Amino acid sequence: MRQNKYPLSLYFGGTFNPIHNGHLQCAFEIAEQISATQIYLLPNYIPPHKATPNESAQQRAELCRATLSIDSRLKLDTRELEKTSPSYTIETLKQLRSEFPQHAIAFMIGMDSLQTLDTWSHWQSLTDYCHLVVARRGGYNSVLNPQINEYLQQHQTLNQQDLTAKRHGYIYLADTSMLQISSSKIRERYKKGLNCACLLPTAVNDYIMKHSLYQAD
Ligand SMILES: Nc1ncnc2c1ncn2[C@@H]1O[C@H](COP(=O)(O)OP(=O)(O)OP(=O)(O)O)[C@@H](O)[C@H]1O
Ligand SMILES: O=C(O)c1ccc[n+]([C@@H]2O[C@H](COP(=O)([O-])O)[C@@H](O)[C@H]2O)c1
C-alpha cells in the first residue's frame, strides 16, 4: 500500500461575488475525494479576466468569511487582498510554495476555468507549484481545446493518492455534483428582488441583505 508522503492543502480561488452552494458543495466533495482536511477559500483582489466587481474585495472576502461556521474544514486566506495588483494565480502559488515547501498543494478550479486555462498567466507552469483539481460544472461540457487537452494528457492522474505522493504536478478531474449555480445568476436574482435562499448559505444571504448588495448594475 502506498504511504502518504506530504500533507495536502486545498486552495479554492475565486471572485466569489457571491460565494454560493455550487462552490461549496464541490469543495466539500473534492476535499473528501483527495483527503484534504482544510479548504482555503482564496478570494481574489482584482480578478485577472473579469470586469472588476462593484462589490469590494473586502466585501467578497466577508461573504466567504460568513461561510466558515458551516463546516470546520473551511478557512479563509486573504493573501490576495494584501496586494493591489491583479490576482495572478501563479504569483500566489509561488508565495504558498515558499511558505509551505513540504506540503502538497491542490488548487481547485471549475471545468469552465480549465477550458480557458491557456489564457492564464504562465499557465503551463501552474503544475510546477500545485496540483490542479477540477470540479465538473453544471451547464458546461468537458471539451478542451487541443493545447489544454495536451497539457491535461501530460499531467492527468486518475489516482487521488498521487496528490499526496508528490507536492505538485498532477491534474485530477474530480467527480463532483453538477450544480447549475453561478454568481452572475444570483446577482441578477437579487437585483430583481427574487429569492436566492437555496442557492447560497443563509449567512451569506444575511450579509447580502444587511449590506444591500447587488441592488444596482
Ligand atoms: N456551480 C459550480 N460548480 C463547479 N465549479 C464552480 C461553480 N461555480 C463556480 N465554480 C468554479 O469556482 C471558481 C470561482 O468561480 P467564480 O467565483 O467566478 O464563480 P462563478 O459562479 O463562475 O461567477 P460568475 O457567474 O460571476 O462568472 C471557478 O474556478 C469556477 O469555475
Ligand atoms: O492567473 C491568471 O491569469 C488567472 C486568470 C483567471 C482566473 N484566475 C484565478 O482563478 C480563480 C477563479 O477565477 P474566476 O475569475 O472564475 O473567479 C481565481 O482565483 C482567479 O484569480 C487566474
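Whatever comes next refers back to the structure up there.
Counting starts from 1 at the beginning of each chain's written sequence and moves along it residue by residue. Following the order in which they are written, the chains are lettered starting with A and the ligands numbered starting with 1. Whole-chain, interface and lining totals are the exception, using all residues; otherwise, since this is a predicted model, local features are given only for residues with pLDDT of at least 70 and side-chain atom pairs are given and counted only at 80 or more. As a convention, hydrogens and water are excluded, and side-chain values are obtained from all of the structure's heavy atoms.

## A short note on the side chain of Thr127
Part 1 of the reasoning: Structurally, Thr127 is set in the loop between helix 4 (111-115) and strand 5 (131-135).
Part 2 of the reasoning: Here's how the labels work: a residue is buried when its accessible area is under 20% of the maximum for its type, exposed when over 50%, partly exposed in between, all with a 1.4 Å probe on protein chains only. Look at Thr127 and you get buried, because its relative accessible area is 2%.
Part 3 of the reasoning: At 2.7 Å, the side chain of Thr127 and the side chain of Tyr151 are in polar contact.
Part 4 of the reasoning: Not counting residues within four places of it along the chain, the set of residues in contact with Thr127 comprises Leu132, Tyr151, His155, His168, Gly169, Tyr170 and Ile171. The numbering of helices and of strands both runs from the N terminus, where a helix is a DSSP run of H or I of at least 4 residues and a strand a run of E of at least 2. Counting of polar contacts relies on pairs of N or O atoms within 3.5 Å, with two restrictions inside protein: one atom must be capable of donating a hydrogen and the other of accepting it, and residues adjacent in sequence are counted only when both atoms are side-chain atoms. In this analysis, two residues are considered to be in contact whenever any of their non-hydrogen atoms come within 4.5 Å of each other.

## So, the site of ligand 1
Part 1 of the reasoning: In the vicinity of ligand 1, 22 residues are found, and the nearest of them are Lys50, Asp112, Ser113, Ser183 and Ser184.
Part 2 of the reasoning: Ile181 is positioned with one of its backbone polar atoms (N or O) 3.0 Å from a nitrogen atom of ligand 1.
Part 3 of the reasoning: Every accessible area reported is derived by Shrake-Rupley at a probe size of 1.4 Å, with residue values counting cover from the shown protein chains alone. Across the complex, the protein chains shield 91% of the 610 Å² of accessible surface that ligand 1 would expose by itself.
Part 4 of the reasoning: For the shell around ligand 1, the secondary-structure elements that each account for two or more residues are strand 1 (8-14), helix 1 (21-34), strand 4 (104-110), helix 4 and helix 7 (183-191).
Part 5 of the reasoning: All amino acids are sorted into three groups, where Ala, Val, Leu, Ile, Met, Phe, Trp, Tyr, Cys and Pro are nonpolar, Asp, Glu, Lys and Arg are charged, and the leftover types, Gly among them, are polar. For the shell around ligand 1, the residue count by class is six nonpolar, eleven polar and five charged. To be near a molecule or strand, a residue needs just one of its heavy atoms within 4 Å of it.

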